[in-house]
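# Chain and residue survey
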Amino acid sequence: MSEHNRLVHFGIGAFHRGHQAYYLHLLNQQLPEEERWYYTDVNLREETRAVPDALRKQNGRFHFKRIGPDGYADYIEITSIDRVEDASSNPSVIQTIFDDDKVKAITITVTEGGYYLTESDDLNLAHPEIVQDIEVVKSGSGQPKTLFGYLTLTLLVRQKMANGAITVATCDNLRDNGHRLKHAFGQFVEAAALDELTQWISDNVTFPCSMVDRITPVPPKNLAEDVEREVGKKDLCPIMGEDFEQWVIETKFATDFPPLEQVGVTFTDKVQAFEETKIRILNGGHFGLSYIGALRGYQTYDENIRDDELNALLKQYHQNEVIPTIYEHPFDLENYRQVIVLRFSNTFIADSIERIAMDSISKFPQFILPTIKFNLERGYVPNAAMTLVSHWYCFLALYLNGKLQFNYKDPYLHIAEKWMQSPEPIKAFLADPDIWQGLNKRFPFFGEQLEEQIKQTLDGYQERYP
C-alpha cells in the first residue's frame, strides 16, 4: 500500500511530465507532506522505453526548463513522480500498481490515433491491435498493445476491490475526449464479453472530459548539458517547455482527486467551450501552417510566424474563419488569439515542425474540418482554410512521391498512400469519407473549388520539387 494518495499515468511523454506532473509538483509545494499526492508513471509500449528507463534511474525526478518568449528560463526539479513501471515488458505490474486503495485516478495522454475510432466515432473492432487485445483479455494471458487492453486489465483489478472506484481522465487534444473514451472503451469491454465488468464500470468509474495546453517540444540534444551547467546536477531525461500552461477538467470524479484548483487548474461542468476554443485556434493553427513551413524548408514553427505571408494567413484564418464560428467562448477570443501567436513565435522553444506535422490524418478531422464545416453552413467560403488544406495535401503528395525529404510519422499513412495510388489522387482525397465526413456531398461547390486550388498549389511547387 502507498503512504500517499496516488495518481497513475499511462504513457510517459514530455507533455505529461511538463503538464500533469508539473501541476502536481506545484500542488505538493503547498501541501504538508502527509497530504501530498504522487504519480506512478507506466510505460505501455516497447518502443518508448528509453525515457522510463532513464526516469527510473532518477527515482522519477527530472528537470523542467520552463522558458518564456523573452528567453527567461526557470529550471524546476519535478518531484511528483516517485514510481516508474514498464508494463510493456511485464503486464503483470498492472496488478501490483492498481491493487492499492490509495490509487484514486488514472490520467492518460495518447495521440488521436490511439483511440482507434471510426468515422462514426465507434471503436475500430477490426483493427489488428484491437483484435489482439480482445483475445489477450479473453484468454487472461499475453501482452496488450493498446490503451484499451491495459485499461481493461486495470479495471478488472479494481473490480475485485472493496474500494475500487476510480477516475479515468484523458488529457489530450481529442474533442469530447472523456465521453469518446468511455464510449469506445465500453465497446471494447462488450466485445470481450465482460458483462459484469460493464456493470461495475457504470457504477464505479468516471471519464471526465478535459482540455490541456502547454507546448513541450522534443528536448534539444544539449538540454542535459544546459541543465547540469545551470543547476549543477546530471539529468538523463530533462524536458523543456513554454511558460504557459492550462488545464480545464470536468468535475466528474469517482472518488478523491487532488485539489489542483489551488494551483490554477479549472474545474468546471463546461469543458467543451474551453476545448473548442483551444483546439480550433491553437491546434488548428499549428496543424495548418506546419505543412506550408515544411514545404518552404523551415525547421521550427517560429519561422512560420516570422514569415510575413504565413503570419498574415494565420491571422486571416483565425479572425475571418475560426473566431466567428466559435459560438460559446469562456474568454475574449481576440486576446486569446494574440497570446497564441506570441507563444507560436517563441524562438527559445523552437518547436519542431517535424513534431507538429506528425499524425496529420487523424488530426485533420479534429483541428480543421469543424472550422470548414461551420463556415460553409453560414454561407462563407473559408479561403484561408482551403489554402491550408491544399498545402497539407501537397505535403503528403510530395512526401509519398519521394520528392520531399521529411521525417514524417503517421500510423494512418496507408490511407494517404491509397489516395496517391488512385488514377485521380485529388478526387480520391476529396471523396474519402473518414476525412470529409460527408461535407463535400453537402457542399459540392466547395470540393470543386478545393480541387482546383490543390492543383494550383502542386503546380506552384513543381520547380522546387521536380
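The structure displayed is predicted, hence computed values, not measured ones. Each residue is numbered by its place in its chain's sequence as written, counting from 1. The predicted origin of the model limits local features to residues at a pLDDT of at least 70 and limits the giving and counting of side-chain atom pairs to 80 or more, whereas totals for whole chains, interfaces and linings rest on all residues. Derived side-chain values reflect all non-hydrogen atoms in the structure, with water molecules and hydrogen atoms excluded from consideration.

Counting buried positions along strand 7 (residues 166–170) yields five of five residues, so the element is predominantly enclosed. Bridge count between strand 6 (residues 103–108) and strand 7: four bridges; the pairing is parallel. By the bridge assignment for strand 7, Thr107 is matched with Ala169. Looking at chain direction, strand 7 and strand 8 (residues 205–206) are connected through two bridges and run parallel. The residue bridging Ile166 from the neighbouring strand is Val205, located in strand 8. Relative accessibility under 20% of the residue-type maximum defines a buried residue, over 50% an exposed one, and the middle range a partly exposed one, all with a 1.4 Å probe and only protein chains included. Here a helix means four or more residues in a row that DSSP labels H or I, a strand means two or more in a row labelled E, and each is numbered from the N terminus. Pairing between two strands is assigned when DSSP locates at least 2 bridges connecting them.

Of the two faces of strand 9 (residues 210–213), the one holding Ser210 and Val212 and the one holding Met211 and Asp213 are both buried throughout. Across four bridges, the pairing between strand 9 and strand 11 (residues 246–250) is antiparallel. When the sheet's bridge partners are listed, Met211 is paired in strand 11 with Val248.

Let us now look at the sheet that holds strand 10 (residues 239–242). An order of 4-3-10 is seen for the three strands of this open sheet, with the pairing classed as mixed. In the strand order of this sheet, the two ends are held by strand 4 (73–78) and strand 10, each with one partner. The sheet shows a mean angle of 25° between the axes of neighbouring strands, direction not considered. Bridge analysis of strand 3 (residues 62–67) against strand 10 gives four bridges, and the strand direction is parallel. Residue pairing in the sheet places Arg66 in a bridge with Gly241 of strand 10. Every angle, taken between N-to-C directions, lies between 0 and 180 degrees, and every axis is a line fitted to C-alpha atoms, over only the stretch in contact when it is a helix.

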